[in-house]
Amino acid sequence: MKLWRSWVVAQNDLDVFAHKKYSLYSLVALPAVLSVGLPVMLWLLIQRNNASALEVEVLLNAFAFIFIVLPSLLPTILASYSFVGEKLDRSLEPLLSTPATDGELLLGKGLAAFLPSLLATYLGAGVFVVLADQLTGARVGFAYFPNAELEAILMVAAPLACIFSVEVNVMISSLVSDLRAAQQLGVLVLVPIGGLYVLAETNFLSLSGVSLLVVSAFLAALDLLLFFLGRGTFRREKILTEWK
Amino acid sequence: MIETQGLTKRFGDLTAVNSVTLGVGEGEVFGLLGPNGAGKTTTMRMLSCLVSKSEGMATVGGYDIGRASDAEKIRGLIGVLPESAGLYEDLSARKNVEYYGKIHGVAQNRRDANIERLLKRLGLWDQRDTAVGSFSKGTKQKVAIARALVHDPKVVFLDEPTANLDPESSKTIRDVILELKRDGRTVFFNTHNLDEAQRVCDRVGIIKGRLLAVDSPARLGNLERHRRTAFQLERLDGDTVAAVKRARGGGVEARGDTLYVDVEDPLRDNPEIVQVLTKAGGRVVYVTDLSSGLEAAYLRLVGESR
Ligand SMILES: Nc1ncnc2c1ncn2[C@@H]1O[C@H](COP(=O)(O)OP(=O)(O)OP(=O)(O)O)[C@@H](O)[C@H]1O
Ligand SMILES: [Mg+2]
């Protein structure tokens, strides 16, 4: 496995993504809407419904979870192009006749989906933290963010969720041959993430340190499992010949 | 450089490539000819380790296409132009070619030099920074050819390199193939263009599932007994046609002022026919050999295998 070659593949994919305007818009729009929308919603609750400091804190805590959801959703936009896009452009056949190995290609394409997704998540988180503190600080009495939970989410759970989503999406992309199908199937990554959320909310009531630990451990295990599964399901010949 | 032994590929019940045995030497230009669906692309894909073989064996540069550990080495050795160019439409010509140079691990100096040399040779240098999506089919094809050659591959596989190209570009590609040969590289290409095969190939194979023949174009052509000659006269009248028909028995067809005659041995038959024409009062303007030998051989072999 030559890491430099994966990086070459990733750079090329990033270059290709950079030319897909609509994907770029979605990549920016989704975090922007959530990072701005949720703090504004809290502000409205404070202004109109006179929400208490405790209510606002509970909501702020719950909203932090979107930074696990976002990095699982964003790779769907990019990774669906990874192999499906190359199949549609017929650029996969020449690529597969280079010395790049399965692992190098998968890692390269994974990186190309991972980096922009995580970057967009972090930018969104930055906006969210500033806005949330500005709009709720007066009611809560202190700047709620950044706190240990959010830091744990951003540093550990978000990258793990992003890796999970990238793996699922790259795998789907290598199995199907239609861009829309890839993107629709890709949204399925939200099922386990949503399940995690429900579990976290019901069992632990809030995203406490312990529940985050459980979530992260679960994601890490999924990531590892999928890594081996992904390598196992990647079949050059199938990708090349079983679609028209 | 390339050796195959009973190489076979089946897709379900369909045998696309049936027990092909051939050898291509280092520095040789080899052309694979055959009708649509004959298995040319499939053969090339097997040799470039893109699809697995069903039976038989093959080596490229001494490496076995059937061994996973060898496949990577073969891919490092070869340059491939697939059936469809498959470029990144949003990226420039230069970036498309550069990507493959990088993937093959070509050092930057040599990569830049090769890109410049190839893009200039193929007449793409002025368009090097234009996104290839706006290029015509033929221009894209040329970019894809540059991409296949950017790492100085020892063995070059070209699937119908001159399809879509205008006559001038086709000529450039033929010249490039001959330059590759001069550099000692091995070229294996598929084509429907018999004339082109005749001009650049040291040897050709005619395939239709099975390999029907392998030899130099000249030798294959010489095996052909049935040929056709056109005799263009100043003016062709019914009596002249009748005279030739009497002399030949059959295989004579008149169109306008030209007489088409099937001949067995042009060296023996053509002068005789000219004599008959002259005796009957005809004035011969042109005598043209219509069936290129290779074409006749191709048509016969492919026809017989039905
Ligand atoms: N992936 C595949 N699955 C099933 N059948 C296939 C596949 N690829 C090729 N074939 C079949 O194998 C046969 C040989 O195809 P191939 O593409 O090798 O022909 P070809 O000689 O390159 O034809 P052409 O001149 O049209 O390019 C055809 O009958 C084709 O339908
Ligand atoms: Mg073909």
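Below or above, wherever it landed, is the structure these notes cover. (Residues numbered from 1 in each chain as written. Chains lettered and ligands numbered in written order. Predicted model: local features only at pLDDT ≥ 70, side-chain atom pairs only at ≥ 80, totals over all residues. Heavy atoms only, no water.)

Our next topic: the overall build of chain B. Regarding its fold elements, chain B presents 11 helices and 14 strands. With the principal axes as the frame, chain B shows a C-alpha extent of 75 × 45 × 35 Å. Across the 306 residues in chain B, those meeting the buried criterion constitute 52%. Taken as a whole, chain B presents about 13800 Å² of accessible surface, with 45% of it coming from carbon and sulfur. (Helix = DSSP H or I, 4+ residues; strand = E, 2+ residues; numbered from the N terminus. Buried < 20%, exposed > 50% of the residue type's maximum accessible area, 1.4 Å probe, protein only. Areas by Shrake-Rupley, 256 points an atom, 1.4 Å probe, with all protein chains shown as cover.)

Moving on, we come to the coordination of the magnesium ion (ligand 2). Residues and elements named next belong to chain B. Protein coordination of the magnesium ion (ligand 2) is provided by Thr41 (OG1) and Glu83 (OE), with donor distances spanning 1.9 to 2.1 Å. In this pair, Thr41 sits in helix α1 (residues 40-47) while Glu83 sits in the loop between β6 (78-81) and α3 (93-103), placing the two residues 42 residues apart along the sequence. Thr41 gets classed as buried once you look at its relative accessible area, which sits at 15%. (Donors = N, O, S within 2.8 Å, 3.2 Å for Na, K, Ca; no water.)

Enumeration over the complete set of coordinates arrives at 27 salt bridges over all chains. Lys20 of chain A is the salt-bridge partner of Asp90 of chain B, the closest N and O atoms lying 3.3 Å from each other. With one member in each of two chains, Asp90 of chain B in the loop between β6 and α3 and Lys20 of chain A in the loop between α1 (3-18) and α2 (21-49) form a pair that bridges those chains. Asp90 of chain B gets classed as partly exposed once you look at its relative accessible area, which sits at 29%. Here Asp269 of chain B and Arg248 of chain B are joined by a salt bridge, their closest N and O atoms 3.5 Å apart. (Salt bridge = Lys/Arg side-chain N within 4 Å of Asp/Glu carboxyl O.)

This part is about the packing of helix α5 (residues 137-149) of chain B against helix α6 (residues 167-182) of chain B. All names here are of chain B. Running from amino to carboxyl end, α5 crosses α6 at an angle of 10°, the nearest separation of the two axes being 12 Å. Put simply, α5 runs roughly parallel to α6. Judged by residue contacts, Lys142, Ile145 and Leu149 of α5 engage Ser169, Ile173, Val176 and Leu180 from α6. Of the residues in the contact of α5 with α6, the class split is 5 nonpolar, 1 polar and 1 charged. (Axes fitted to C-alpha atoms, helices over the stretch in contact; angles between N-to-C directions. Parallel < 35°, antiparallel > 145°, perpendicular 65-115°, else oblique. Contact = heavy atoms within 4.5 Å. Nonpolar A, V, L, I, M, F, W, Y, C, P; charged D, E, K, R; others polar.)

Let us now look at a nonpolar patch on the surface. Residues and elements named next belong to chain A. On the surface, Val36, Val40, Trp43, Leu44 and Val127 cluster together into a nonpolar patch covering about 360 Å² of accessible area. If one sorts the elements of the nonpolar patch by residue count, α2 sits on top with 4 residues. Mapped onto the secondary structure, Val36 falls in helix α2. (Patch = residues over 30% accessible without salt bridge, like charges linked within 9 Å, V, L, I, M, F, W, Y side chains within 5 Å.)

The next thing to look at is the interface of chain A and chain B. Of the residues lining the interface, 26 residues belong to chain A; the matching set on chain B comes to 27 residues. Across the contact surface, chain A and chain B share 3 salt bridges. Across the pair Glu93 of chain A and Arg45 of chain B runs a salt bridge, and its minimum N-O distance is 2.7 Å. The interface formed by chain A and chain B includes 7 residue pairs in polar contact (both at pLDDT 80 or more). (Polar contact = N/O pair within 3.5 Å; in protein donor to acceptor, adjacent residues only side chain to side chain.)

Attention now goes to the packing of α2 of chain A against helix α3 (residues 53-63) of chain A. Residue and element names in this part refer to chain A. One can describe the packing of α2 onto α3 by two numbers: an axis separation of 11 Å at closest approach and a directional angle of 170°. Of the possible angle classes, the one that applies to α2 and α3 is roughly antiparallel. Of the residues in α3, those touching α2 at Leu38, Met41, Leu42, Leu45 and Ile46 are Val56, Leu59, Leu60 and Phe63. Residue classes in the contact of α2 with α3 are distributed as 9 nonpolar, no polar and no charged.

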